[in-house]
Amino acid sequence: MEPIERFILNPMTSIEKLKFLKEDQVRTLAKEFGTPVFVYSEKEIEQKCDEALAFPNAFGLQVRYAMKANPNSNILQIMKKKGILIDASSEHEVVRALHFGFKPESIMLTSQEFPKAFEELIGKGVKFNACSLRQLEAFGKVFPGKSVSIRFNPGLGSGHTKKTDVGGVTSSFGIWHEKLPEVKAIVEKYKIVVEKVHTHIGSGSDPEVWKAVAKYTLEYAEAFPTVTIVSLGGGYKVGRMEDEKSTDLQKIGAPVKPQFEEFANKHGRKLILEIEPGTYLVALCGALLTTVDDLIDTGSKGFRFLKLDTGMDSNTRPSLYGARHPLVTVKKDGGVPKSNVEYVVVGHCCESGDVFTQKEGGEPITRLMGEAEIGDYVVMEAVGAYCAGMSTKNYNSFPETAEVLLRTSGEGKLIRKKEPILEIFRNEILVVE
């Protein structure tokens with residue numbers, strides 16, 4: 001094995017710090033609810049909602065929560081109280097949102113798979129965002145003359161990896177922009193009312209990119225005189241690590257606002273702006289409390305491994321695309337770590353890819369952390385989005401991880417129980433005796 005120094009990628013010069021929890025809260029919550037456990041901050045989520053609702057706009061703003069980021073019912077309730085609408089990525093998310101009190105007209109269904117309960121859900125008043133010519137044709141056949149939204153692929157995208165880029169030639173999301181004549185033909189055929197045009201390019205924070213996307217999207221709005229809403233999607237970059245920066249919504253929104261004003265002056269239509277943040281609203285508002293289960297090494301030229309009592313069953317992002325999350329050591333009995341150590345941090349799954357510190361593609365890298373002992377806590381930060389909701393539930397038959405909401409009062413309340421082991425296989429049908 002080659003020397004460990006070969007695998008260090010931009011080692012941190014400073015140790016990551018806790019974002020919204022204090023060390024005594026970590027110890028208290030871990031002892032009360034056990035580990036691993038997700039902890040979300042109600043106060044932080046509300047603050048992020050307020051930031052999104054202040055997005056620059058010329059003639060009105062609608063904010064939709066991309067609920068796939070974290071669909072826990074309590075988080076949905078926080079969004080509802082703030083007046084934030086729902087962006088659902090499947091018919092199942094629609095049912096979930098309806099169940100927890102969202103009105104049908106406040107839900108927009110934007111689905112890769114054509115929903116099997118299409119007629120029922122749209123018939124109830126759920127908004128539909130057609131993402132392909134097939135979907136648009138199907139809508140027209142069942143609901144001729146009705147209002148619809150259309151998603152276009154504008155031909156460019158933005159993302160820190162191709163796996164988070166949802167625009168351009170490598171993306172299957174939306175109707176390719178050169179097919180606009182075919183879209184118009186279907187709209188005319190069924191006398192459909194196009195009330196909204198929609199684009200979504202991925203995870204990015206470059207104001208020039210957003211300005212370009214706004215330009216193209218407004219051109220689609222120009223093609224349909226009935227359009228009253230223009231959605232620029234979401235994908236606002238969130239800086240999870242200290243060396244990363246989060247998108248400044250005011251900065252990327254500033255050059256977009258004049259474009260809507262120019263459109264109004266030219267076409268006499270004051271369009272409402274819509275955005276669809278998911279990650280931005282919840283990512284930094286969640287932490288995963290874990291316990292150090294073991295410490296091993298592979299010799300002087302190898303690695304020092306820190307093993308946690310959680311893994312890709314709770315957070316699969318690092319394994320999927322090398323995502324980085326801050327990892328903070330908290331001593332179980334108080335005090336501070338004696339020194340800082342370079343660890344490769346791994347999960348508890350019997351899977352070589354269950355590594356929390358890796359490059360995209362799987363090469364392990366080390367992380368500078370406070371020295372840990374077995375039984376100490378490690379807090380994985382910035383896990384509010386696409387962690388609990390995108391976990392590989394029940395791999396190795398590990399139960400679904402519990403979730404706690406830290407109320408604005410400071411009290412921690414259990415919002416999802418740890419899954420009982422018998423529940424893991426409750427749907428299996430035994431036919432072999």
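Residues numbered from 1 in each chain as written. Predicted model: local features only at pLDDT ≥ 70, side-chain atom pairs only at ≥ 80, totals over all residues. Heavy atoms only, no water.

1. Remarks on the overall build of the protein
We apply this condition: For the purposes of this entry, the term helix denotes a DSSP run of H or I that reaches at least four residues, the term strand denotes a run of E that reaches at least two, and both are numbered from the N terminus. Note that the radius of gyration is over C-alpha atoms, with the globule rule given as 2.2 Å times the number of residues to the power 0.38. Note on exposure labels: buried denotes an accessible area under 20% of the residue type's maximum, exposed denotes more than 50%, and partly exposed covers the range between, all computed with a 1.4 Å probe on protein chains only. Any two residues whose heavy atoms approach within 4.5 Å are treated as being in contact. Only four residue types enter the tally: Lys and Arg on the positive side, Asp and Glu on the negative side, with His and both chain ends excluded. Just so you know, the charge point we use is NZ for Lys, CZ for Arg, CG for Asp and CD for Glu.
Each helix and strand counted, the protein has 13 helices and 18 strands in total. In terms of C-alpha radius of gyration, the protein reaches 23 Å, essentially the compact-globule figure of 22 Å for 433 residues. Once the C-alpha set of the protein is aligned to its principal axes, its extents read approximately 70 × 55 × 45 Å. Going through the 433 residues of the protein one by one, you find that 53% of them count as buried. For the protein, the proportion of contacts with a sequence separation of at least 24, taken over those separated by at least 6, is 71%. Charge centroids of the protein, computed over 56 positive and 58 negative side chains, lie 5 Å from each other.

2. What about the confidence of the model for the protein?
Do not read the fine detail of predicted coordinates wherever pLDDT is low. Just so we agree on the cut-off: In predicted models, pLDDT denotes the confidence assigned by the predictor to each residue on a 0 to 100 scale.
Model confidence for the protein is summarised by a mean pLDDT of 91, while 92% of its residues fall at 70 or above. pLDDT under 50 marks residues 1–13. Its contacts with residues more than four places away, or in other chains, come to 25 contacts. Counting contacts from residues 157–167, a segment whose pLDDT is below 50, to residues more than four positions away or on other chains yields 37 contacts.

3. What to know about the UniProt feature "active site" (unreviewed entry) in the protein
As a reminder, the rule being used: UniProt positions are given in the numbering used here, feature names are shortened, and annotations may be inferred rather than shown by experiment.
UniProt annotation of "active site" (unreviewed entry) refers to Cys350 when read in the numbering used here. Looking at where Cys350 falls in the secondary structure, it is placed in the loop between strand S14 (340–346) and strand S15 (367–370). Excluding anything up to four places from it in sequence, Cys350 contacts Tyr395 and Asn396.

4. Considering the side chain of Ser391
What counts, and what does not: Polar contact is defined as a pair of N or O atoms within 3.5 Å, subject to the rule that within protein one atom must be able to donate a hydrogen and the other to accept it, and that residues adjacent in sequence are counted only when both atoms are side-chain atoms.
Among the structural elements, Ser391 can be located in the loop between strand S16 (377–381) and strand S17 (402–406). Polar contacts involving the side chain of Ser391 include one to the main-chain carbonyl oxygen of Asp313, which spans 3.3 Å. Apart from residues lying up to four places away in sequence, Ser391 is in contact with Met312, Asp313 and Ser314.

5. Quick word on unusual backbone geometry
If a residue is not glycine, its phi is most likely negative; likewise, a peptide bond is most likely trans. With omega at 0°, the peptide bond leading from Thr35 into Pro36 counts as cis. Summarising the element assignment, Pro36 is placed in the loop between helix H1 (23–33) and strand S1 (37–41). Phi is positive for Asn394, close to 75°, though the residue is something other than glycine. By the element assignment, Asn394 lies in the loop between S16 and S17. For Asn394, a relative accessible area of 24% translates into the label partly exposed. One non-glycine residue, Ser397, lies in the positive phi region at around 60°. Counting through the fold element by element, Ser397 comes out in the loop between S16 and S17.

6. Quick word on a nonpolar patch on the surface
Rule in force here: Exposure above 30% relative accessible area and the lack of any salt bridge qualify a residue for a patch; like charges then connect within 9 Å, and the nonpolar side chains Val, Leu, Ile, Met, Phe, Trp and Tyr within 5 Å. Each accessible area value is a Shrake-Rupley result obtained with a 1.4 Å probe; residue values ignore everything except the protein chains displayed when judging cover. Basic side-chain nitrogens of Lys or Arg form a salt bridge, by our definition, when they fall within 4 Å of a carboxyl oxygen of Asp or Glu.
A surface patch of nonpolar side chains, about 500 Å² in accessible area, is lined by Ile429, Leu430, Val431 and Val432. Its location among the elements puts Val431 in the segment after helix H13 (421–424).

7. Some thoughts on the pattern of salt bridges
Applying the stated rule across the entire model yields 23 salt bridges. When the shortest N-O distance is used, the salt bridge between Asp376 and Lys331 registers 2.6 Å. Of the two residues, Asp376 is situated in the loop between S15 and S16 and Lys331 in the loop between strand S13 (327–330) and S14; the sequence distance between them amounts to 45 residues. The buried category is assigned to Lys331, whose relative accessible area is 11%. Where Glu400 meets Arg416, a salt bridge forms, and the shortest distance between an N and an O atom there is 3.5 Å. Pair noted here: Glu400 is in the loop between S16 and S17 and Arg416 is in strand S18 (residues 412–416), with a separation of 16 residues, a long-range link. A single network of salt bridges, built from pairs that share partners, joins Lys393, Glu400, Glu403 and Arg416.

8. A few points about the domain arrangement of the protein
Using the following cut-off: Residue ranges assigned to the domains are those given by an automatic or database domain assignment. Two parts placed together each lose some accessible area under a 1.4 Å probe, and the buried area is that loss summed for both.
Parsing the protein into structural domains produces domain 1 (23–40 + 285–423) and domain 2 (55–281). Once you take the C-alpha centre of each, domain 1 and domain 2 turn out to be 33 Å apart. On the domain 2 side, the residues contacting the 19 residues of domain 1 number 19 residues. Taken together, the two surfaces of domain 1 and domain 2 that pack against each other cover about 1,700 Å², and 52% of this comes from carbon and sulfur. The largest share of the area that domain 1 buries against domain 2 comes from Tyr321, Arg324 and Tyr386, three residues that together contribute 36% of it. Run the count over domain 1 and domain 2 and you get two salt bridges. For the salt bridge of Arg324 with Asp243, the shortest nitrogen-to-oxygen distance reads 3.0 Å. Where domain 1 packs against domain 2, one counts six residue pairs in polar contact (both at pLDDT 80 or more). Those elements giving two or more residues to the side of domain 1 that touches domain 2 turn out to be helix H12 (317–321), S17 and S18. If one sorts the elements of the side of domain 1 that touches domain 2 by residue count, H12 sits on top with three residues.

9. Topic: empty space enclosed by the protein
Test applied: The distinction between a cavity and a pocket rests on a 1 Å grid over the protein atoms alone: a 1.4 Å probe fits inside a cavity but cannot get out, while a pocket stays open yet meets protein on both sides within 12 Å along at least five of seven lines, and a residue with an atom within 4 Å of a point counts as lining. Grid points are joined across faces, edges and corners, and a volume is the space filled by probe spheres set on the points. Amino acids are sorted into nonpolar (Ala, Val, Leu, Ile, Met, Phe, Trp, Tyr, Cys and Pro), charged (Asp, Glu, Lys and Arg) and polar (every other residue, Gly among them).
The tally for this structure, following the rule as stated, stands at three cavities of 30 Å³ or more. Of the pockets and cavities examined, the second largest cavity occupies roughly 50 Å³. Around the second largest cavity sit Phe38, Asp313, Ser314, Ala388, Ser391, Lys393, Glu400, Thr401, Glu403 and Arg416, which together line it. Here the residues of the lining of the second largest cavity sort into two nonpolar, three polar and five charged.

10. Remarks on the packing of aromatic side chains
Note the following rule: Stacked, edge-to-face and tilted are the three classes for Phe, Tyr and Trp ring pairs, Trp counted by its six-membered ring, which pair at centre distances within 6.5 Å; planes under 30 degrees apart are stacked, over 60 edge-to-face, the rest tilted.
All told, the structure shown has 13 aromatic pairs when counted by the stated rule. Here the aromatic rings of Phe114 and Phe118 are separated by 4.7 Å at their centres, their planes lie at 40°, and the arrangement is tilted. Residue Phe114 shares its accessibility class with Phe118, and that shared class is buried. On the numbers, 6.4 Å between centres and 85° between planes, the contact of Tyr236 with Tyr280 is edge-to-face. Placement of the pair is Tyr236 in the loop between strand S9 (229–231) and helix H9 (249–253) and Tyr280 in helix H11 (residues 279–282), with a sequence separation of 44 residues. Look at Tyr236 and you get buried, because its relative accessible area is 4%. Of the aromatic side chains, those joined through ring pairs into one cluster are Phe114, Phe118, Phe128, Phe139 and Phe143.

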